[in-house]
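Notes for the structure review
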Amino acid sequence: MPTSPKLSASLDQGGAPSHALGDVAASDSTLRRFLHGLPGVDTVGLEARAASLGTRSIKTTAKAYAIDLAISMVDLTTLEGADTPGKVRALGAKAVHPDPTDRTTPSTAAVCVYPDMVATAKEAVAGSGVKVASVATAFPAGRAALDVKLADVRDAIAAGADEIDMVIDRGAFLAGKYMKVYDEITAVKEACGTSARLKVIFETGELSTYDNIRRASWLGMLAGADFIKTSTGKVAVNATPANTLLMLEAVRDFRAQTGIQIGVKPAGGIRTTKDAVKFLVLVNETAGADWLDNHWFRFGASSLLNDLLMQRQKLATGRYSGPDYVTVD
Amino acid sequence: MASAFEYAPAPESRSVVDIAPSYGLFIDGEFTEAADGKVFKTVSPSTEEVLSEIAQAGEADVDRAVKAARKAFEKWSALPGSERAKYLFRIARIIQERSRELAVLETLDNGKPIKETRDADLPLVAAHFFYYAGWADKLDHAGFGANPRPLGVAGQVIPWNFPLLMLAWKIAPALATGNTVVLKPAETTPLSALFFADICRQAGLPKGVVNIIPGYGDAGAALVEHPDVNKVAFTGSTAVGKAIARQVAGTEKKVTLELGGKGANIVFDDAPIDQAVEGIVTGIFFNQGQVCCAGSRLLVQESVQDELLDSLKRRLSTLRLGDPLDKNTDIGAINSAEQLSRITSLVDQGEAEGAERWSPACELPSSGYWFAPTLFTNVTQAHTIARDEIFGPVLSVLSFRTPDEAVAKANNSQYGLSAGIWTEKGSRILAVASKLRAGVIWANTFNKFDPTSPFGGYKESGFGREGGRHGLEAYLDV
């Protein structure tokens, strides 16, 4: 019996904004009222939905497609105090040709480094189309004066960064100072100008409630984020299917209201192909196929790539090769 | 790379199930032919493939089965509760061990997605046997007085929507309390009950304690009328329930009826919208809407109606309809041609009465019985589709402005089985729930089941409770 394809979408989500959101950030109180007026999130229901999408069975051609897509969405990341130029060059080479034994393997989306490594990274990926992202704004704690954060951003951009990953001031957010967070994001966005896309990191593990994550998502989008990103990868709870699902709902709803499409980047803790495929299913069935490319969706990951490569080799050869058949950084 | 993320088919293997070309009736521990030699065929609703030929019980077979159950009752009811518990625990464990086989079988015979049989039906079936096994030696402490006695022979008639789960709901408490059983599964879904008969043998259950007699309505009627049946338990349509109530009126038989429903799913304007959408989908599209407690009437507060309907339509467009054995299928086949034509005629009536019909673009397979997920807007209380149970993937959307109006509309039904409330406000959940006349009320969720939780209806949805401690009472002389 033929399996019919998924029921095709019959709703046009795009088009002109149906609501003017422009003035919700006019004052602290209008911003607060707007963010607190967003629909609530039911924890049990959200996690159940994320879990049920995790049971989709992705095999054969769909799996091959998903693996290549996931590789092309990786922000290959090294954010260690011990990073050296040599390590960053190796990372760049790997980003361009993730699997030297198979040149059909797509490049990753970007390499993600600290600002002082941007120039080195830029050189390493020159001419390949791989972007260089940099975590500026006093990553990962974000506890510095705005001037310092902006200087950090300008440094990274001057060195050639294509993308800036900024952390928000969680202390201000949790204290309810939404306007302060908003202003910081807009200032950083301004510093990015037209030369870099801005990813705003919420550190969802520290925001602790799903209601907060939804509010932070909207706050970031209103303030001009090009991407919203779950986490730094430096705390105990990073990207989860549930918080990513929630952020995908936020970008979907934001586009429905404003016509503006925003990207999503789960980061930290996604280590296996199986996990990555589950996230792609979340994207496909929540925000939709429009988000299924590396302009709109990224994985912030370092160890994920090797598992994707091993699974790719297994699909190609029918055998599982093992960790010595892919490069360490 | 291809151009889109199309999920490749991921069919569950059907080789884990060995379906024999024919099956007999299970009476007194043996498979036997029907006295008059009659047989009927059971087909797979998704392909119309004939799965097997089943002996069809007639009046003589019912009598034989009741006699076997009567004979077995003496010994079974005399066993200590802890002994009966051993058998029930053993059955529960065998069900777990054979759960994949049973899930595939149920999907083949019923048409529902493997995702549901695997993740919902089978775990619940095992859980019911475990739960009632736990009660078997504690009946003295169940709150029904010291030493409550079993009733005798239970005649049980179950429907085709959850064949094995309804069997578990009926058989587990009956055996735990010391009764013996004659069970008639529905004529379109007899297979899992016959596999259960095999499990009874595998568990070494004494002969005659469980008897399974597949057949049509006449066999059900003969079972209900049989003078040596002490307890009648029925789950199915309200029309048949009424006929049973008439049949047993004036006899000493105890009876419980779980009948139809037209559940109201009430969404307030402060609801968690995304989760409410999921709850609405679960409420009406779980098991193709062939659920007596389905949330088939959506009552939505006017202020969020447009937003909610947009979200709901977008969500329905992602449902995947097709081969029920595919692990990615969300919507399977309708159980029978007869049920499909009933759904179709009610939906046609909805359109004729002026309600607005909507379905996502949806390709239906060419063979088998299929109905696209459907929702109706512009529905009023006066429409047939707001009053009659459709028992299919069809949602009627109504609106309200105040909580009182929501309660009034929800209660304005001949049924009263289930309801759902969606709001972020805890006090509103309690206030509204206390006014709703329905046996089960879910808050910020829908269609969740648990063996510890009693289930049953108000008004034409029937009487008596199954599940939980309450479920014991229906099988005890208290």
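The model shown is predicted, which means the values in this text are computed figures rather than measured ones.

Moving on, we get to the interface of chain B and chain A. Taken together, the contacts link 48 residues of chain B with 42 residues of chain A. Here chain B packs against chain A, burying approximately 3,700 Å² in sum over the two surfaces, 56% of which is carbon and sulfur. Seen at the junction of chain B and chain A, the total is 4 salt bridges. We note a salt bridge from A:R49 to B:E278, for which the minimum N-O separation is 3.2 Å. Ranked by residue count, the leading element in the side of chain B that touches chain A is helix 10 (residues 305–316) of chain B, at 6 residues.

Count 3.6 residues to each turn of an α-helix, and residues three or four apart come out pointing the same way. Within helix 2 (residues 43–53) of chain A, the full set of buried residues consists of A:G45, A:L46, A:R49, A:A50 and A:L53. Considered in projection along helix 2 of chain A, the buried side chains sweep an arc of 130° and stay on one side of the axis. On its buried side, helix 2 of chain A packs onto helix 10 (210–222), helix 11 (241–258) and helix 12 (273–286) of chain A together with helix 9 (273–285) and helix 10 of chain B.

Below, the discussion takes up the packing of aromatic side chains. Residues and elements named next belong to chain B. One pass over the structure, following the stated rule, counts 23 aromatic pairs over all chains. For the pair Y23 and F195, a centre-to-centre distance of 6.1 Å together with 50° between the ring planes defines the contact as tilted. With a gap of 172 residues between them, Y23 in strand 1 (residues 22–23) and F195 in helix 6 (residues 191–202) connect regions that are remote in the sequence. For Y23, a relative accessible area of 15% puts it in the buried group. You can call F195 buried: its relative accessible area is 6%. The positively charged end of K231 is found above the aromatic ring belonging to Y475, 4.8 Å away from the centroid.

Scored by pLDDT, chain A has a mean of 92; 94% of the residues are at 70 or more. Low pLDDT (under 50) marks residues 1–19 of chain A, which in the prediction has 47 contacts with non-local residues, meaning those over four places away or in another chain.

To continue, consider a positive patch on the surface. All names here are of chain A. On the surface, K59, K274, K278 and K314 cluster together into a positively charged patch. By the secondary structure assignment, K59 is in the loop between helix 2 and helix 3 (60–73). Given the relative accessible area of 43%, K59 is considered partly exposed.

Quick look at the pattern of salt bridges now. As enumerated under the stated definition, the model contains 47 salt bridges over all chains in all. One salt bridge connects A:D165 with A:K199, and the closest N-O pair in it is separated by 3.1 Å. Here A:K199 lies in strand 5 (residues 197–201) and A:D165 lies in strand 4 (residues 163–167), a separation of 34 residues in the sequence. Across this residue pair, the class does not change: A:D165 and A:K199 are buried. A:R214 is the salt-bridge partner of B:D274, the closest N and O atoms lying 2.5 Å from each other. Of the two residues, B:D274 sits in helix 9 while A:R214 sits in helix 10, which places them in two different chains. Residues B:D274 and A:R214 agree in their burial class; the two are buried.

How each quantity is defined
Residues numbered from 1 in each chain as written. Chains lettered and ligands numbered in written order. Predicted model: local features only at pLDDT ≥ 70, side-chain atom pairs only at ≥ 80, totals over all residues. Heavy atoms only, no water. Contact = heavy atoms within 4.5 Å. Buried area = accessible area lost by both parts, 1.4 Å probe. Salt bridge = Lys/Arg side-chain N within 4 Å of Asp/Glu carboxyl O. Helix = DSSP H or I, 4+ residues; strand = E, 2+ residues; numbered from the N terminus. Buried < 20%, exposed > 50% of the residue type's maximum accessible area, 1.4 Å probe, protein only. Arc of directions from axis to C-beta. Phe/Tyr/Trp six-rings, centres within 6.5 Å; stacked < 30°, edge-to-face > 60°. Lys NZ or Arg CZ within 6 Å of the ring centre and 35° of its normal. pLDDT = per-residue confidence, 0-100. Patch = residues over 30% accessible without salt bridge, like charges linked within 9 Å, V, L, I, M, F, W, Y side chains within 5 Å. Areas by Shrake-Rupley, 256 points an atom, 1.4 Å probe, with all protein chains shown as cover. Lys, Arg positive; Asp, Glu negative; His and termini not counted. Charge placed at Lys NZ, Arg CZ, Asp CG, Glu CD.

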